[in-house]
Amino acid sequence: MSSSECLRVRGLGASWGADPVLTDVDLDVADGEFVVLMGPNGSGKTTLLRCLVGLEAPTHGTVSLRGRNLRGVPTHRRGVGMLFQEPALFPHRSVWENVAYGLAVLRRPRADIDRRVEEMLRLLHLESLADRAPQALSGGERQRVALARTLAPEPPLVLLDEPFASVDAEIRRDLRSAFRRALSATRTAAIHVTHDREEGLLLADRVVLLSGGRVVQHGSPPEVYGAPASADSARFLGYNVLVESGRAMAIAPIDVEIRPLGESNRTGTVTLSGFAGGSHLVEVELEGGERLEGRLPLGAIPPAVGTRVGLRWRRSVALPGAPV
Ligand code: ADP
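Bear in mind that the values here come from a model prediction, so they are computed numbers and not experimental data.

### Quick look at the packing of helix α4 (residues 139-151) against helix α5 (residues 169-185)
Okay, so step 1: Where α4 meets α5, the axes come as close as 10 Å, and the angle between the chain directions of the two elements is 15°. Considering the angle they form, α4 stands roughly parallel to α5. The way α4 lies across α5 gives a crossing that is right-handed. Listed contacts from α5 to Gly 140, Gln 143, Arg 144, Leu 147 and Leu 151 of α4 are Ile 171, Leu 175, Ala 178, Phe 179, Ala 182 and Leu 183.
Okay, so step 2: Partitioned by chemical class, the residues of the contact of α4 with α5 number 8 nonpolar, 2 polar and 1 charged.

Dropping the structure here:
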């Protein structure tokens, strides 16, 4: 075990009945590292977290935390904190009591509990809410309390399953910076599950991409985004996937240029054209039936639906695998 190793997963497999859900998953997380686990719906993200926390028994492989094999260790003895999309706070206890709960279960001395709860409330800007009941909190406040409660017993690793999925965009922005800051201040490693690729790429030290129950890519966000490993990975990462000269190519919407008909290498018909916040979004159906999404700067005049246009791309990434 290396000195900074927190979690080590080797050859993990899991099934629902006869159907394999996870196959041969390897995963390493270093102390204090923020790993984002991404992948389409049904790719096995939640099942993997459930295996790590002990709510699901793997059919194959090993999970160890700081060198200790977790096989047969019950959930509450694993030293792994878990936080869900909907925080399950105790409704009849105050914020302070909720945060103190895990420490009381561990029978920590009263003075230690007081000190640690104060520290967690300060870290997550919850001091003024200490006496409130959970029902009197907003969704974002409840998630901050849930994180304070999870971090209070100092677990080396926390698992975050879509923790921002049920709050609106503005609160999500506050929460993601609050979570990132609290985890790095406490040097806690995290595995954060999301199907939101922008959130994942933004937050991660390292990204792990799951598809069909297998790890198909891992690395820093620029490494994973810059070299999609398959057509499925590329689509998940937001690329257009096209076949050119018998090879599958990934083309980022930002690299698509919409040109007059004569100045292009492909042509197609606009099927959708509209304002998309910082840019115009234009979707074009190519002659072969493939669809391509492009972005135009706000100063440009977007073509109307039904217009025939030419297309070029500034950059494309050849996808590995046999030519198609
Ligand atoms: P994700 O979190 O990536 O959406 P899940 O881990 O929830 O994926 O699901 C992975 C696969 O396991 C899916 O095919 C899903 O249908 C199946 N699955 C999940 N939970 C159950 C269950 N309780 N019973 C049977 N199959 C399940």
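On we go.
### Points about the packing of aromatic side chains
Okay, so step 1: Within the structure shown, the criterion is met by 3 aromatic pairs.
Okay, so step 2: Against the face of Phe 90 rests Arg 93, its NZ or CZ located 5.3 Å from the ring centre.
Okay, so step 3: Its guanidinium or amino end placed over the ring of Phe 90, Arg 149 lies 5.0 Å from that ring's centre, counting from NZ or CZ.

### Re the site of the ligand
Okay, so step 1: Residues in close proximity to the ligand include Trp 16, Val 21, Pro 40, Asn 41, Gly 42, Ser 43, Gly 44, Lys 45, Thr 46 and Thr 47, which together make up its full environment.
Okay, so step 2: A distance of 3.1 Å separates an oxygen atom of the ligand from a polar backbone atom of Ser 43.
Okay, so step 3: One nitrogen or oxygen atom from the main chain of Gly 44 is found 3.0 Å from an oxygen atom belonging to the ligand.
Okay, so step 4: Here the ligand, which alone exposes 570 Å², has 54% of that area covered by the protein.
Okay, so step 5: Among the elements that line the shell around the ligand, the one with the most residues is helix α1 (residues 45-53), at 3 residues.
Okay, so step 6: Among the residues making up the shell around the ligand, the classes are represented as 3 nonpolar, 6 polar and 1 charged.

### A closer look at the sheet that holds strand β14 (residues 266-275)
Okay, so step 1: Pairing is antiparallel across the open sheet formed by 5 strands, whose spatial order is β13-β17-β14-β15-β16. Each edge of the open sheet carries a strand with a single partner, namely β13 (256-259) and β16 (291-297). The mean inter-strand angle of the sheet, taken between neighbouring strand axes irrespective of direction, is 45°.
Okay, so step 2: As paired elements, β13 and strand β17 (residues 308-313) share 4 bridges and run antiparallel to each other.

Rules and cut-offs
- Residues numbered from 1 in each chain as written.
- Predicted model: local features only at pLDDT ≥ 70, side-chain atom pairs only at ≥ 80, totals over all residues.
- Heavy atoms only, no water.
- Axes fitted to C-alpha atoms, helices over the stretch in contact; angles between N-to-C directions.
- Helix = DSSP H or I, 4+ residues; strand = E, 2+ residues; numbered from the N terminus.
- Parallel < 35°, antiparallel > 145°, perpendicular 65-115°, else oblique.
- Left-handed = near helix turned anticlockwise from the far one by under 90°.
- Contact = heavy atoms within 4.5 Å.
- Nonpolar A, V, L, I, M, F, W, Y, C, P; charged D, E, K, R; others polar.
- Phe/Tyr/Trp six-rings, centres within 6.5 Å; stacked < 30°, edge-to-face > 60°.
- Lys NZ or Arg CZ within 6 Å of the ring centre and 35° of its normal.
- Near = heavy atom within 4 Å.
- Polar contact = N/O pair within 3.5 Å; in protein donor to acceptor, adjacent residues only side chain to side chain.
- Areas by Shrake-Rupley, 256 points an atom, 1.4 Å probe, with all protein chains shown as cover.
- Pairing = 2+ DSSP bridges.

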